[in-house]
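# Analysis of the macromolecular model
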Amino acid sequence: MIGSISSYSTAQIGNAAAFKAASATDPISDATESSGTSGTQGGSQTISTLARQLAASASRAEERDKTLTRSELADKAKTALSQIQGDAYFANKAKHDSEVPKTSDPELLARAKQATEYVNSAARGGTSEKNPFAGLSREQLANIIYDDSGTYTVNELRAASYEADRQEEEWRVKVTTQAMAEYNSTGKLTNFFKSVLDHFKELPAIEQAQYPKDYASDLQSKIDLDFNYRTHQAEGRGKDPMSLIEMLFEQSPQQANELHQKSENTTNSPTVRSNP
């Protein structure tokens, strides 16, 4: 997630690959070649290693969400994120770059190497390396990022966070453009608030837990108010719609500042003052 939207830029990070979570018992995997889909056996495509890992991560996430409170989930997220960003990450950079999965599986070894090459290239502003998790859904990415089982290397977790950040940024640019059009046309931001609330409700529980407790109810109250920021004499007259949008987005999780900084490091595109 990204905090303030006042300096967004659109990251160009390779082509997205189509992935779909599959349970360990599914006969066919929809994972693409880049995820390491294996060959066929008896006319039925076998499940890729990544698809099996995603299914296991999803199962662990489901159990975690059932047993932890909202505040405990927020604490869990903070601990997980501290490992892949900021001073703690860079203090152990050499260790993370040399980390390899405890396996002889060539697919897992290759993916870990690709993740390290990607995060290092992205940190320098490069766009030539492909993110091994490009195209995964937000839920799948969250299941990777907050998986503390040791299934993924630290750089794989960081690569997944880059992709989650890219998707969040892309959505924010789109929704803010729509918000400005709504304001210019009607003086309102009601549809914008609806879009933000819908987006929030679709986030995994561990990401929702990083927002203020009243985030959803505050959005719903704005929707119910259907306020016109141009004509309302008490509050709305002369209001800058971008300031209202920024105030809302600044309520995003603490994770935002680091991810936003990463986003800036991975692109040379012009910034956009227009977008959670």
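For the structure, check the block above.
Residues numbered from 1 in each chain as written. Predicted model: local features only at pLDDT ≥ 70, side-chain atom pairs only at ≥ 80, totals over all residues. Heavy atoms only, no water.

### Topic: the packing of helix 6 (residues 138-145) against helix 7 (residues 154-186)
To keep things clear, this is the line we draw: All axes are obtained by fitting lines to C-alpha atoms, using only the stretch in contact for helices, and the reported angles, taken between N-to-C directions, cover 0 to 180 degrees. Helix and strand assignments come from DSSP, with helices taken as H or I runs of at least 4 residues and strands as E runs of at least 2, each series counted from the N terminus. By the definition adopted for this analysis, an angle is roughly parallel if under 35 degrees, roughly antiparallel if over 145, roughly perpendicular if from 65 to 115, and oblique otherwise. Working rule for handedness: look at the near helix, and if it is turned counterclockwise from the far one by less than a right angle, call the crossing left-handed; if clockwise, right-handed. Whether two residues touch is decided by their heavy atoms; if any such pair falls within 4.5 Å, the residues are in contact. Polar here means any residue outside two lists: the nonpolar Ala, Val, Leu, Ile, Met, Phe, Trp, Tyr, Cys and Pro, and the charged Asp, Glu, Lys and Arg; Gly therefore counts as polar.
At a closest axis distance of 9 Å, the pairing of helix 6 and helix 7 adopts a crossing angle of 150 degrees. Considering their axes alone, helix 6 and helix 7 lie roughly antiparallel with respect to each other. With respect to the hand of their crossing, helix 6 and helix 7 are arranged in left-handed fashion. On the side of helix 6, the interface is formed by R138, L141, I144 and I145, while helix 7 contributes E156, L157, A160, S161, E163, A164, Q167 and E168. Partitioned by chemical class, the residues of the contact of helix 6 with helix 7 number 6 nonpolar, 2 polar and 4 charged.

### Thoughts on the packing of helix 1 (residues 49-67) against helix 6
Two numbers describe how helix 1 lies on helix 6: the axes approach to 9 Å, and their chain directions differ by 80 degrees. Between helix 1 and helix 6, the interaxial angle falls into the category roughly perpendicular. Mapping the contact onto sequence places L54, S57, A58 and A61 in helix 1 and Q140, N143 and I144 in helix 6.

### Notes on helix 10 (residues 215-225)
Just so we agree on the cut-off: Buried residues are those whose accessible area, probed at 1.4 Å on protein chains only, stays under 20% of the maximum for their type, while exposed residues exceed 50% and partly exposed ones sit between those limits. Working definition: the arc comes from the directions between the helix axis and the C-beta atoms, pointing outward to the latter.
Turning to helix 10, its buried residues number three or more, namely Y215, L219 and I223. The arc enclosing the buried residues of helix 10, seen along the axis, measures out at 75 degrees, which places them on a common side. The outward face of helix 10, more than 90 degrees from its buried face, is lined by the exposed residues D224 and L225. D226 lies just past helix 10 and shows a positive phi near 50 degrees.

### A closer look at the environment of R172
Locating R172 in the fold gives a position in helix 7. As for R172 and V196, which are separated by 24 residues in sequence, their C-alpha atoms are 9.1 Å apart.

### Digging into the pattern of salt bridges
Our working rule: For this analysis, a salt bridge means a side-chain nitrogen from Lys or Arg found within 4 Å of a carboxyl oxygen belonging to Asp or Glu.
Throughout the structure, instances matching the rule amount to 13 salt bridges. The shortest N-O distance in the salt bridge between E170 and R166 comes to 3.5 Å. Placement of both E170 and R166 in helix 7 is noted, with a separation of 4 residues, approximately one turn of the helix. One salt bridge connects K222 with D218, and the closest N-O pair in it is separated by 2.7 Å. Taken as a pair, K222 and D218 lie in helix 10 at a separation of 4 residues, close to a single helical turn. Owing to a relative accessible area of 25%, K222 belongs among the partly exposed residues under this scheme. Because the salt bridges share partners, they merge into one network encompassing R138, E168, R172 and E207.

### Quick word on the nonpolar core
Formally: Throughout this description, the term nonpolar core refers to a set of buried Ala, Val, Leu, Ile, Met, Phe, Trp, Tyr and Cys residues connected via side-chain atoms within 4.5 Å.
Ranked by internal contacts, the top residues of the largest apolar core, which has 28 residues, are F133, I144, I145 and Y146. When residues of this core are traced back to their parent elements, those giving at least two are helix 1, helix 2 (70-84), helix 5 (106-123), helix 6 and helix 7. Among the elements that take part in this core, helix 7 stands out by supplying 6 residues, more than any other. Setting aside residues no more than four positions away along its own chain, F133 makes contact with L50, R111, L141, I144, E156, A159, A160 and E163. By size, the runner-up hydrophobic cluster in this structure holds 17 residues, among which are A179, Y183, F193 and Y229.

### Focus: the side chain of E207
The following threshold applies: N or O atoms within 3.5 Å of each other form a polar contact, as long as, within protein, one can give a hydrogen and the other can take it, and as long as residues adjacent in sequence are counted only when both atoms are side-chain atoms.
Secondary-structure assignment places E207 in helix 9 (residues 205-208). The class of E207 is buried, set by a relative accessible area of 0%. Within polar-contact distance, the side chain of E207 engages the side chain of R138 at 2.9 Å.

### Comments concerning unusual backbone geometry
Note: most peptide bonds trans; most residues except glycine with negative phi. Phi is positive for D226, which is not a glycine, with a value near 50 degrees. Assignment of secondary structure puts D226 in the loop between helix 10 and helix 11 (241-249).

### Brief notes about the packing of aromatic side chains
Using the following cut-off: Only the six-membered ring of Trp is used, alongside the rings of Phe and Tyr, when aromatic pairs are assigned; centres must lie within 6.5 Å, and planes under 30 degrees apart are stacked while those over 60 apart are edge-to-face, with the rest tilted. Distance and angle both matter: a charge sits over a ring if NZ of Lys or CZ of Arg is within 6 Å of the ring centre and within 35 degrees of the ring normal.
Following the criterion strictly, the structure yields 7 aromatic pairs and no others. With centroids separated by 4.7 Å and ring planes inclined at 70 degrees, the aromatic side chains of F227 and Y229 adopt a geometry described as edge-to-face. Here F227 and Y229 have matching classes, each one buried. Here the basic side chain of R158 rests over the ring of Y89, its NZ or CZ set 4.2 Å away from the ring centre. Directly above the aromatic system of Y183 lies the positively charged group of R230, at a separation of 5.2 Å from the ring centroid.

### Looking at helix 2
Here is the rule: The span expected for a helix works out to 1.5 Å for each residue beyond the first.
Counted at 1.5 Å a residue, the expected span for helix 2 with its 15 residues is 21 Å, and the 22 Å between its end C-alpha atoms agrees. All of the buried residues along helix 2 are L73, A77, A80, L81 and I84. Buried residues of helix 2, viewed axially, fall in a sector of 95 degrees; they line one side. Summarising the geometry of helix 2, the exposed residues directed more than 90 degrees from the buried face are D75, K78 and T79. Just downstream of helix 2 lies G86, where phi reads positive at about 70 degrees.

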